[in-house]
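# Structure assessment
Each chain is listed here by its residues.
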Amino acid sequence: MNKTFGVIGGDRRQAELARLLAEEGRTVWTSGVAGCPDLPAQAAAADVVILPLPLCREDGILNSETEALPTSALFRRFRPGQLLLAGQVRPAQQLEAENCGLTLVDYFQREELTVANGAATAEAALQVAMEHLDRTLLGMECLVLGFGRIGKLLAYRLHGLGAHVTVTARKPADLAWIRAYGWRALETGRLDGALCDFGAVFNTVPSPVLGRPLLAQLPKGCLCVELASVQGIDLAAAEELGLPHVWARSLPGRMVPAAAAAAIRDAVDYILKERGDPV
């Protein structure tokens, strides 16, 4: 028997995900998804329930554009035996699900999805930067804070556009790889005195990196693009210093939802296949 799918909450990528699944001939019900039919009972009763990425925007509150629903209340709508899938599940929500006897799988722990999401974020970050800059990236000194998935992919794309790329990292091995790619390497914790030439700074580190003293060393007009869910750039200080800035969170869902939805759909299919379930 073909499985039914419930898509609950989220942003534009959840709407695109529901569309993709329906186009493939799957039975899909949606709830709390902007622009889609609101069928909470059917969606909550589906064999496979796909919850948002991230699962929560605030502590204990489902990530949804249409309602503020505590996850504790949401989980009580489900029954043991259903497969619940969500992204970036916090320990508190994992415990809530376990206490209800539910199987909750974090699809964002899958490497194929995090890589695809990183690529989408990097591409969208370039679009954000271009929309806020009055000059091209060609020949511009650009700083990427952090050498994780997004940092690597973003640096690669900036280099391809002709920017002069500097990347920061904490580990000696990462610093060596940065140099091997032909980029300038800086230690993340030793930026004092090295910031005077940049036209754009992109942060991917979800912890404080650029506070007011360091921001004051950036040139006037340097664009600060914050990509992390937790600010690594003190954007309030950037505002006070007159630096152009943007907190570009959840870029895949906002700017490339179709690509982001396809990556989630693929991850869901891999999870089902690995469980021996038909897709």
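Further up the page is the structure itself.
An account of the accompanying structure is given in this report.

Definitions and cut-offs
Residues numbered from 1 in each chain as written. Predicted model: local features only at pLDDT ≥ 70, side-chain atom pairs only at ≥ 80, totals over all residues. Heavy atoms only, no water. Helix = DSSP H or I, 4+ residues; strand = E, 2+ residues; numbered from the N terminus. Expected span 1.5 Å × (residues − 1). Buried < 20%, exposed > 50% of the residue type's maximum accessible area, 1.4 Å probe, protein only. Axes fitted to C-alpha atoms, helices over the stretch in contact; angles between N-to-C directions. Parallel < 35°, antiparallel > 145°, perpendicular 65-115°, else oblique. Contact = heavy atoms within 4.5 Å. Nonpolar A, V, L, I, M, F, W, Y, C, P; charged D, E, K, R; others polar. Polar contact = N/O pair within 3.5 Å; in protein donor to acceptor, adjacent residues only side chain to side chain.

Take helix α11 (residues 257–274) next. Taking 1.5 Å of rise per residue, the 18 residues of α11 would be expected to cover 26 Å, and the 26 Å separating its terminal C-alpha atoms lies within 8% of that figure. Within α11, burial applies to P257, A260, A261, A263, I264, R265, A267, V268, D269, I271 and L272. Phi for G276, located one or two positions after α11, is positive at around 80°.

Here we take up the packing of helix α5 (residues 111–132) against α11. Interhelical geometry of α5 versus α11 gives an angle of 175° and a closest axis separation of 9 Å. In this view, α5 runs roughly antiparallel relative to α11, as classed from their interaxial angle. Judged by residue contacts, E112, L113 and A116 of α5 engage A263, I264, A267 and Y270 from α11. A breakdown of the residues in the contact of α5 with α11 according to their chemical character gives 6 nonpolar, no polar and 1 charged.

This paragraph deals with the side chain of N63. On the secondary structure map, N63 appears in the loop between β5 (61–62) and α3 (71–75). Taking the relative accessible area as the measure of exposure, N63 reaches 4% and is therefore buried. Leaving out residues up to four positions away in the same chain, N63 has contacts with G9, G10, P52, L53, P54, L55, C56 and R57.

Looking at where H132 falls in the secondary structure, it is placed in helix α5. For H132, a relative accessible area of 43% corresponds to the partly exposed category. When the C-alpha atoms of H132 and P244 are compared, they prove to be 8.0 Å apart, with 112 residues separating the residues in sequence. Ignoring sequence-local partners within four residues, the contact set of H132 consists of L223 and V246. At 2.9 Å, the side chain of H132 forms a polar contact with the backbone oxygen of V128.

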